[in-house]
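Observations on chain architecture
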Amino acid sequence: MNKGIIAAIISGILALGVAVTAIICLERVPVGYVGVIYSAAGVEDQTLAQGWHMLSPLKKVSRFPISQQQIVFSNDPADYGKKKHADWSIDAPADGGMVKINMTINYRFLPDRVVELYNRFNGMDGETLVESRIQNSMIAYVKEVTPRFSVMDIYSDKKSEVNEAITEYLNQKLQDEYGINIASALVI
C-alpha cells in the first residue's frame, strides 16, 4: 500500500477524533446568561461567561439569565403574546376590597449569586427556579404591598406610587432570598 494513502487514512482518523472531541467538549453559554459548572465532584465556584468554552466531557453546565427577563401576570393573552396562562392575574387585597391585578415584572439574576442558588436549590437552573419558586414568591409579596393602597389608587390615581412600592418591596425580599434584582414591577 502506498505511504501517501496510509498517511491520508491516519490524518482522516485523527481529524475525525479531533472533531468528535470538540463536539463532546464544546459548551456554549448564550448571550445574557452565565453558566454554572457541575460534575460528580460537585459545583465549581466560578461561572462561565457568554461564549464558547472547552470543558471536560464529565462536566455539565446549567444556565442562569443575567440579562433582563420579564414575567407577566395577566388574564389577557395579548399582554404576553401567547395563551400559556389563560387566567394568571394576581388576586390581591386592597384597602376597601379585592383587586385583580395584571402586572409585568422585569428582573435579572445577580451573577455573583448564581452558584449559591444552584447549590441551595438542588441544581435548579434559572428558568426552573423562576417557574417553581420565584413567581409564587412574587405573587405573595405583591399581596403584602397592595393593602396599603385603595382600589382606586391601584387602578388610577396613584398607580405610579403603587408600582414604585411593589418594585421596592420585591427588590428588598427577592435579592436576599433568590439573588435577583427587580428593575420594575408595573401594573398593566
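Right above here is the structure, for reference.
Being a predicted model, the structure only gives us computed values, none of them experimental. The residue numbering used here restarts from 1 in each chain and proceeds along that chain's sequence as written. Predicted model: local features are reported for residues with pLDDT of at least 70 only, side-chain atom pairs are reported and counted for 80 or more only, and whole-chain, interface and lining totals are derived from all residues. The basis for every side-chain value is the complete set of non-hydrogen atoms in the structure, without hydrogens or water.

Let's talk about the overall build of the chain
Helix numbers and strand numbers start at the N terminus; a helix is a DSSP run of H or I with at least 4 residues, a strand a run of E with at least 2. Looking only at helices and strands, the chain has 5 helices and 10 strands in total. Relative to the 2.2 N^0.38 estimate, which gives 16 Å for 188 residues, the radius of gyration of the chain is 24 Å and therefore markedly larger than a compact globule would have. Principal axes of the C-alpha set define a box for the chain whose edges measure 95 × 35 × 20 Å. Burial classes follow relative accessibility: with a 1.4 Å probe on protein chains only, a residue under 20% of its type's maximum area counts as buried, one over 50% as exposed, and anything between as partly exposed. Looking at the 188 residues of the chain, the share that counts as buried comes to 39%. A separation of at least 24 residues holds for 67% of the contacts in the chain among residues at least 6 apart in sequence. Total accessible area on the chain stands at roughly 10,600 Å², and carbon and sulfur atoms take up 54% of it. For the radius of gyration, the atom set is restricted to C-alpha positions; the globular benchmark scales as 2.2 Å times the number of residues to the power 0.38. In this analysis, two residues are considered to be in contact whenever any of their non-hydrogen atoms come within 4.5 Å of each other. Surface accessibility in these figures is a Shrake-Rupley result with a 1.4 Å probe; residues are shielded only by whichever protein chains are displayed.

Brief notes about the sheet that holds strand β3 (residues 42-48)
Strand order in the open sheet formed by 3 strands is β3-β2-β5, and the pairing between neighbours is antiparallel. Here the strands that pair on one side only, and so sit at the sheet edges, are β3 and β5 (60-65). Taken over all neighbouring pairs, the strand axes of this sheet differ in orientation by 25° on average, direction set aside. If DSSP finds at least two bridges between two strands, the strands pair. By the bridge criterion, 4 bridges tie strand β2 (residues 33-39) to β3 in an arrangement that is antiparallel. Bridging across to β3, G35 finds its partner in L48. Interaxial angle, 0 to 180 degrees, is taken between N-to-C directions of lines fitted to C-alpha atoms, where a helix line uses only the stretch in contact.

Focus on the sheet that holds strand β6 (residues 69-73)
Spatially, 3 strands are ordered β6-β9-β10 in an open sheet, and the strand pairing comes out antiparallel. Sheet topology places β6 and β10 (180-187) at the edges, where each strand pairs with a single neighbour. Within the sheet, the average angular offset between the axes of one strand and its neighbour, ignoring direction, is 20°. Helix α3 (residues 126-145) contacts β6, β9 (103-109) and β10 of the sheet and is inclined by roughly 130° relative to β9. Contacts from helix α5 (residues 159-178) reach β9 and β10 within the one sheet, and its direction differs from that of β10 by about 155°.

A short note on the side chain of S62
Inspection of the secondary structure assignment puts S62 in strand β5. Classification of S62 by relative accessible area gives buried; the value is 9%. Among residues more than four places away in sequence, those in contact with S62 are V34, G35, V36, Y38, Y118 and D125.

Quick look at the side chain of T146
Considering the arrangement of structural elements, one finds T146 in the loop between α3 and α4 (151-157). Ignoring anything within four residues of it in the chain, the contact list for T146 reads A92, P93, A94, D95, I101 and I154.

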